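# Geometric and topological summary
The lines below spell out each chain.
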Amino acid sequence: ALALADLIWRVRPERIIELGTNAGGGAFFFAHVARQYSATARVLTLDPSDRCCSDAKKARSAWDWDPLASQVCPHCTRAFDSPLWCSGAIEFIHGTPADAEIVDRVRAAVGDASPVLVIEDSSHGPEGVVANLDAYHGFASRASYFVVQDTKIDRLAKAGPASAITRFLRTEAGAQFEVDRRPEYYLYSQHSGGFLRKRS
């Protein structure tokens, strides 16, 4: 989280595209960092689940992504219940990220904002990650990043985000990017090899 916050602070994107919302914690965190340097920065977060839509909010008392959360942190607030979520800093788009209709919605939401940073944190399956890399690599601004999270999964599953990166970098689109190890300044990174910097 600190490495991602530092990266966001250095790039200062006006739009952050997050592929994979889950319970909304990542989007909230990214928006919190971004709003420290720009009042107009926004996070566009996409997910095929509707956990963050209005219907899910109505049903939130019946749904709990972590049954222990309320015991461990009884004072915590869900990301989508926070004032920041409702302030315009975050826009949730319900749908599968690589679907053409969803890509078009994101393109319209990004408009001419720059720079743009993309963060992939969806299903983590290699096919899904490759599809998202193919669909969203063009959104990342030059000298900005396409961050593929949780490459550590490949150590257990033998096929995941890291193998998707390897496949993508061999393509013509992938040649526009280079793996940047500078954000991996801790002894361990969840996203080792996943910080893809778009060549300037």
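Residues numbered from 1 in each chain as written. Predicted model: local features only at pLDDT ≥ 70, side-chain atom pairs only at ≥ 80, totals over all residues. Heavy atoms only, no water.

Our focus in this paragraph is the packing of aromatic side chains. Taken as a whole, this structure holds 5 aromatic pairs when the rule is applied. With a centroid separation of 4.9 Å and an interplanar angle of 45 degrees, the aromatic rings of Y185 and Y186 are classed as tilted. We classify Y185 as partly exposed; its relative accessible area is 41%. Between the NZ or CZ atom of R12 and the centre of the ring of W9, over which it lies, the distance is 4.3 Å. (Phe/Tyr/Trp six-rings, centres within 6.5 Å; stacked < 30°, edge-to-face > 60°. Buried < 20%, exposed > 50% of the residue type's maximum accessible area, 1.4 Å probe, protein only. Lys NZ or Arg CZ within 6 Å of the ring centre and 35° of its normal.)

Right, let's talk about the pairing of strand β7 (residues 195-198) for a bit. Taking every second residue as pointing to the same face, both faces of β7 are buried, with F195 and R197 on one and L196 and K198 on the other. Sheet topology places strand β6 (residues 177-179) next to β7; 3 bridges connect them, and they run antiparallel. Looking at β7, one finds that V179 is bridged to L196. (Helix = DSSP H or I, 4+ residues; strand = E, 2+ residues; numbered from the N terminus. Pairing = 2+ DSSP bridges.)

Turning to helix α5 (residues 100-110), a few remarks are in order. For α5, the complete set of buried residues consists of I102, V103, V106, A109 and V110. Seen along its axis, α5 keeps its buried residues to an arc of 125 degrees; they face one direction. Opposite the buried face of α5, by more than 90 degrees, sit the exposed residues A100, E101 and A108. Looking one or two residues past α5, G111 carries a phi angle of roughly 55 degrees, positive in sign. (Arc of directions from axis to C-beta.)

With the rule as written, the count across this model stands at 8 salt bridges. E127 serves as the salt-bridge partner of R167, at 2.9 Å between the closest nitrogen and oxygen. Of this pair, R167 sits in helix α8 (residues 161-169) while E127 sits in helix α6 (residues 126-136); the two residues are 40 residues apart in sequence, bridging distant segments of the chain. Using a relative accessible area of 36% as the deciding quantity, one classes R167 as partly exposed. (Salt bridge = Lys/Arg side-chain N within 4 Å of Asp/Glu carboxyl O.)

Here we take up the confidence of the model for the protein chain. On average, the protein chain scores 89 in pLDDT, and the residues at 70 or more come to 90%. Overall, residues 58-63 carries pLDDT values under 50, and its contacts beyond four positions in sequence, including any with other chains, amount to 7 contacts. (pLDDT = per-residue confidence, 0-100. Contact = heavy atoms within 4.5 Å.)

Before going further, it helps to examine helix α1 (residues 2-11). Turning to α1, its buried residues are A3, L4, A5, L7, I8 and V11. Tucked into the core, α1 has its buried residues touching β1 (15-19), α2 (25-34), β4 (116-120), β5 (145-148) and β7. One or two steps after α1, the chain reaches R12, where phi turns positive at roughly 55 degrees.

What follows deals with the sheet that holds β6. What the 7 strands build is an open sheet, ordered β3-β2-β1-β4-β5-β7-β6; its pairing is mixed. Across the chains shown, the open sheet's two edge strands, defined by having one partner strand only, are β3 (90-94) and β6. The average undirected angle you get between the axes of adjacent strands in this sheet is 20 degrees. Along the sheet face, α1 touches β1, β4, β5 and β7 and points at about 170 degrees away from the line of β5. In the packing of α8 onto the sheet, contacts are made with β5, β6 and β7, and the angle to β6 comes to roughly 140 degrees. (Axes fitted to C-alpha atoms, helices over the stretch in contact; angles between N-to-C directions.)

Once that is clear, we can look at the pairing of β1. Burial of β1 is extensive: 5 of the 5 residues sit out of reach of the surface. Going residue by residue along β1, you find R15, I17 and L19 tucked away on one face and I16 and E18 tucked away on the opposite face as well. When β1 meets strand β2 (residues 42-47), the two strands line up parallel, connected through 5 bridges. Its bridge partner lying in β2, L19 is registered against L46. Read from β1 through α2 to β2, the crossover connection turns out right-handed. Summarising the sheet, β1 and β4 pair through 5 bridges and their orientation is parallel. Counted as the bridge partner of I16 is L117 from β4. (Right-handed = clockwise from strand over helix to strand, strands pointing away.)

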